[in-house]
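Reading the structure
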Amino acid sequence: MDIPYTVQARPDTGLTNGKIAIWLFLASEVMLFGALFASYILIRTGAPSWPRGDTILNVPLATFNTIVLISSSVTMVMAWASLMRNRFGTFRIYMGATILLGGVFLVVKYFEYSHKFHDDLFPRTNNFLAIYFTLTGLHMLHVLGGMAVNAYLWGPGAKLWKTNPEWFRNRVEHSGLFWHFVDLVWIFLFPTLYLL
Amino acid sequence: MTTDHAADIDRHVRVYITVFIALMVLTIVTVAISRFHLPVHIAVTIALLVAIVKGSLVAGYFMHLVSEKKLIYAVLLVTVAFFIALMALPVLTVHNGYWIH
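Read on for a plain summary of the structure. Given the structure is predicted, the values throughout are model-derived calculations rather than measurements.

The subject of this paragraph is the overall build of chain B. Summing up its helical and strand segments, chain B has 3 helices and 0 strands in all. Seen in sequence order, chain B has helices and strands lined up from the N terminus as α-α-α. In chain B, buried positions account for 13% of the 101 residues.

So, on to the interface of chain A and chain B. Residue-level contacts link 40 residues of chain A with 38 residues of chain B. For the side of chain A that touches chain B, the secondary structure elements donating two or more residues are helix 1 (17-46), helix 3 (59-84) and helix 7 (165-195) of chain A. Per element, the largest residue contribution to the side of chain A that touches chain B is 14 residues, and it comes from helix 1 of chain A.

Once that is clear, we can look at helix 1 of chain A. Along an α-helix, a turn takes 3.6 residues, which lines up residues three or four apart on a common side. Here helix 1 of chain A is 30 residues long and its end C-alpha atoms lie 43 Å apart, about the 44 Å a rise of 1.5 Å per residue gives. Buried within helix 1 of chain A are the following residues: Lys 19, Ile 22, Trp 23, Leu 26, Phe 33, Phe 37, Tyr 40 and Ile 41 of chain A. On its buried side, helix 1 of chain A packs onto helix 5 (127-154) and helix 7 of chain A together with helix 3 (70-93) of chain B.

All names here are of chain A. Relative to each other, helix 3 and helix 4 (residues 88-118) sit at 160°, their axes nearing to 8 Å. Judged on the interaxial angle alone, helix 4 and helix 3 are roughly antiparallel. In the packing of helix 3 onto helix 4, the handedness of the crossing is left-handed.

Next up on the list: helix 2 (residues 40-62) of chain B. Taking 1.5 Å of rise per residue, 23 residues should cover 33 Å, and helix 2 of chain B covers 31 Å from first to last C-alpha, within 8% of that figure. Looking at helix 2 of chain B, one finds that the buried residues are Ala 47, Lys 54, Leu 57, Val 58, Tyr 61 and Phe 62 of chain B. Where the residues of helix 2 of chain B are buried, they touch helix 3 and helix 7 of chain A together with helix 1 (6-34) of chain B. His 64 of chain B occupies a position one or two residues after helix 2 of chain B and carries a positive phi of about 60°.

As a further point, take the packing of helix 1 of chain A against helix 7 of chain A. All names here are of chain A. One way to put it is that helix 1 packs onto helix 7 with a least axis distance of 10 Å and a crossing angle of 15°. Classified by the interaxial angle, the pair formed by helix 1 and helix 7 is roughly parallel. Viewed along their axes, helix 1 and helix 7 form a crossing whose handedness is right-handed. Here Gly 18, Lys 19, Ile 22, Leu 26, Glu 29 and Phe 33 of helix 1 lie close against helix 7, whose contacting residues are Asn 170, His 174, Leu 177, Phe 178, Phe 181 and Val 185.

Even without being a glycine, Tyr 5 of chain A presents a positive backbone phi close to 55°. Note on placement: Tyr 5 of chain A falls in the segment before helix 1. Look at His 37 of chain B: it is not a glycine, yet its phi comes out positive at around 50°. Position of His 37 of chain B relative to the elements: it lies in the loop between helix 1 and helix 2.

Calculation notes
- Residues numbered from 1 in each chain as written.
- Chains lettered and ligands numbered in written order.
- Predicted model: local features only at pLDDT ≥ 70, side-chain atom pairs only at ≥ 80, totals over all residues.
- Helix = DSSP H or I, 4+ residues; strand = E, 2+ residues; numbered from the N terminus.
- Buried ≥ 20, exposed ≤ 12 C-beta atoms within 10 Å, placed from the backbone.
- Contact = placed C-beta atoms within 7 Å.
- Expected span 1.5 Å × (residues − 1).
- Axes fitted to C-alpha atoms, helices over the stretch in contact; angles between N-to-C directions.
- Parallel < 35°, antiparallel > 145°, perpendicular 65-115°, else oblique.
- Left-handed = near helix turned anticlockwise from the far one by under 90°.

So, in structure tokens, the structure goes:
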């Protein structure tokens, strides 16, 4: 099967199909998280009282997670840059680091969540926790999804480098765009939920 | 993109490292400001401003938006317009409009 415009730019758009597709998908994701943010704003402004995030949530852990995710964004873009420099070995190292840092993020979230559950704090307990678990839970699923794609590109998907390196580079770039978006969402989630 | 020479990629990498440092500093700033326990509306404004700067750095340099094609800008313009509408709607339903008390 010949998938068109994976490497060549389409003459009418000036871009590869994959590039447009991933940006359109990210636009839809902005609406998804935006809808939840808007819900958060509505619930919070309508509530008689609202706790400060740092009175319930673990700010040091979340700050650490913020640093982890930002670092993973750097390793992700360095993975792509390594492919641009034709350094496949270096790509594998940076991509591996990206996946690893994603894993660290998930482990920290596991500890955060289990600590909450241990203290009898569940989504059903109050509105603050409901929106906290929903927003961070959905974000966590996106981290998992991004890690899955990155793992494929690190592992079995890397075969494509031998037969069509430019197509593989584009795939890594597009996966990177999704990963940066996941980081971007957290950059807004962290102060909103934990610090305000 | 594939016609980038080694020197171009080197320049890109230097930008990535600079942006990384900036993001780290801004993260520390975000947490530090929160310790001042400012009034909610000021705290929200500052937090959002810092987040927007951080987000712009990620979007502009890691996602290469500073050098993207017009079509992508057009898609994102529509996205931003609808996102603003999405944020404004709940704010406008409270007190019959945020700025009317």
